[in-house]
Amino acid sequence: MAEDSGYSKEDWQKHYDEDDLRWDLGEVSPPLRHFLENNPISKDRALVPGCGQGHEVVYLAQNGFAVTAVDYTKGATQKLARNLARNRVGAEVICANFFNLGLEHKNRYNLMLEQTFFCAIHPTLRNRYVDLVSRVLKPGGFLVGVFYETGEEDGPPFNTTRAHILRHFSGPFQIEQLEKTNRSAEKRQGKEWFAVLKKR
Ligand SMILES: C[S@@+](CC[C@H](N)C(=O)[O-])C[C@H]1O[C@@H](n2cnc3c(N)ncnc32)[C@H](O)[C@@H]1O
């Protein structure tokens, strides 16, 4: 197992081996799609961590972003490669631990999209997540995401409340928007916080 009681890479890979992608919406997360369709964000470099088969990656690439996608399982990156090829778009696909992204990613991205990655990692890794995101985003860059309030003790997915988001992100990020969204996919209705966080 991974650090503490979270999922290990092997646990995630097993899901891909068994084709058990219970988290996969089969489409771009609706609140993220709505945001991107209605807010002009400069079509610069975008990052998608823990991308899975990457509906968001394909969407960003189709809409003119230079996208980097990261997932540490071969199952995810192979599925994403097929998804990109099927849609005739390209992206930089990195099969590696997100927490090991090197210095070459520093201040590189204008946008990071969060979709069921923050809830996938063990809560003890949340400080490292915030440190890393604030390192790889450019000043003024945006972390736009949905954060899953499962209301459950265990995970993954691990519970994320409004208080958690404020506690972790208020320092390095300006909270531009933070609200329960009514645009979630049906099975997540009422449980997702939609956030627009701007790196200070
Ligand atoms: C719940 S899935 C979400 C996938 C995708 N975001 C989606 O919503 O369909 C979490 C993904 O994060 C990946 N993952 C978990 N921890 C990771 C880490 N430390 N570095 C890179 N990928 C990781 C897993 O392999 C898995 O594909």
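Structural data are supplied above this passage.
Just so we're clear, the structure is a prediction, and the values are computed from it rather than from any experiment.

S.K.: Now, about the overall build of the protein chain: what can you tell me, with residues and values included?
M.R.: Check the secondary structure of the protein chain and you find six helices and seven strands. Tracing the protein chain from N to C terminus, the helices and strands come up as α-α-β-α-β-α-β-β-α-β-α-β-β. For the protein chain, the C-alpha atoms occupy an extent of roughly 40 × 40 × 35 Å along the three principal directions. The 200 residues of the protein chain split such that 52% are buried. Residue pairs at least 24 apart in sequence account for 69% of intrachain contacts in the protein chain once pairs closer than 6 positions are excluded. Looking at the protein chain as shown, the accessible area adds up to about 9,600 Å², and 44% of this sits on carbon and sulfur atoms. Looking at charge distribution, the protein chain has the averaged site of its 27 positive side-chain charges lying 6 Å from that of its 26 negative ones.

S.K.: Outline the pairing of strand E2 (residues 66-70), supporting the account with residue identities and numerical values.
M.R.: In terms of residue burial, E2 counts as a mostly covered element, since four of its five residues are buried. Taken together, the five bridges between strand E1 (residues 45-49) and E2 define a ladder with parallel strand orientation. The residue of E2 that forms the bridge with Ala 46 is Val 67. Sheet analysis places E2 next to strand E3 (residues 92-94), joined by three bridges and oriented parallel.

S.K.: Could you give an account of the site of the ligand, naming the residues involved and the relevant values?
M.R.: Contacts to the ligand come from 17 residues, most closely from Tyr 16, Gly 50, Asp 71, Gln 115 and Thr 116. A distance of 2.6 Å separates an oxygen atom of the ligand from a polar atom in the side chain of Tyr 16. Between the ligand and Asp 71, the relevant distance is 2.6 Å, taken from an oxygen atom to a side-chain nitrogen or oxygen of the residue. Against a free-state accessible area of 600 Å², the protein chains account for coverage of 96% of the ligand.

S.K.: If you had to explain the side chain of Glu 114 to someone new, which residues and values would you point to?
M.R.: Within the element layout of this structure, Glu 114 appears in strand E4 (residues 109-115). A polar side-chain atom of Glu 114 sits 3.4 Å from the main-chain amide nitrogen of Thr 116. A distance of 2.8 Å separates a polar atom in the side chain of Glu 114 from the backbone nitrogen of Phe 118. If we skip the residues at most four places from it in the chain, Glu 114 touches Leu 32, Tyr 129, Leu 143, Val 144, Gly 145, Val 146 and Phe 147.

S.K.: Break down the environment of Leu 166 for me, with residues and values.
M.R.: As for its position among the elements, Leu 166 is in helix H6 (residues 162-169). Put simply, Leu 166 and Leu 178 are twelve residues apart on the chain and 9.1 Å apart in space, counted from C-alpha to C-alpha. If we skip the residues at most four places from it in the chain, Leu 166 touches Ile 175 and Leu 178.

S.K.: I'd like a description of the side chain of Ser 134, backed by residues and values.
M.R.: Structurally, Ser 134 can be placed in helix H5 (residues 126-136). Those residues within four positions of Ser 134 in sequence are excluded, and the remaining contacts are Pro 172, Phe 173 and Lys 199.

S.K.: An account of the sheet that holds strand E5 (residues 137-148) is requested, with residue identities and associated values reported.
M.R.: Strand pairing in a sheet takes place through backbone hydrogen bonds and is either antiparallel or parallel in direction. Pairing is mixed across the open sheet formed by seven strands, whose spatial order is E3-E2-E1-E4-E5-E7-E6. In this open sheet, the two edge strands, each paired with only one partner strand, are E3 and strand E6 (173-180). On average, adjacent strands in this sheet sit at an angle of 15° to one another, irrespective of strand direction. Two strands pair when backbone bridges link them, and E5 and strand E7 (residues 192-199) are joined in this way by seven bridges, in the antiparallel orientation. Residue pairing across strands places Gly 145 opposite Ala 195, the latter belonging to E7. Seen against the sheet, H6 touches E5, E6 and E7 and runs at an angle of roughly 170° to E6.

S.K.: Which residues make up the pairing of E4, and what are the values?
M.R.: Within E4, seven of the seven residues are buried, which leaves it mostly tucked inside the rest of the structure. Examined bridge by bridge, E1 and E4 share two bridges and lie parallel to one another. Residue pairing for E4: Leu 47 is matched across the bridge by Met 112. As paired strands, E4 and E5 are joined by six bridges and run parallel to one another. Within the sheet, the bridge partner assigned to Tyr 109 lies in E5 and is Leu 137.

Criteria and cut-off values
Residues numbered from 1 in each chain as written. Predicted model: local features only at pLDDT ≥ 70, side-chain atom pairs only at ≥ 80, totals over all residues. Heavy atoms only, no water. Helix = DSSP H or I, 4+ residues; strand = E, 2+ residues; numbered from the N terminus. Buried < 20%, exposed > 50% of the residue type's maximum accessible area, 1.4 Å probe, protein only. Contact = heavy atoms within 4.5 Å. Areas by Shrake-Rupley, 256 points an atom, 1.4 Å probe, with all protein chains shown as cover. Lys, Arg positive; Asp, Glu negative; His and termini not counted. Charge placed at Lys NZ, Arg CZ, Asp CG, Glu CD. Pairing = 2+ DSSP bridges. Near = heavy atom within 4 Å. Polar contact = N/O pair within 3.5 Å; in protein donor to acceptor, adjacent residues only side chain to side chain. Axes fitted to C-alpha atoms, helices over the stretch in contact; angles between N-to-C directions.

Purely geometric numbers; function is a separate question.
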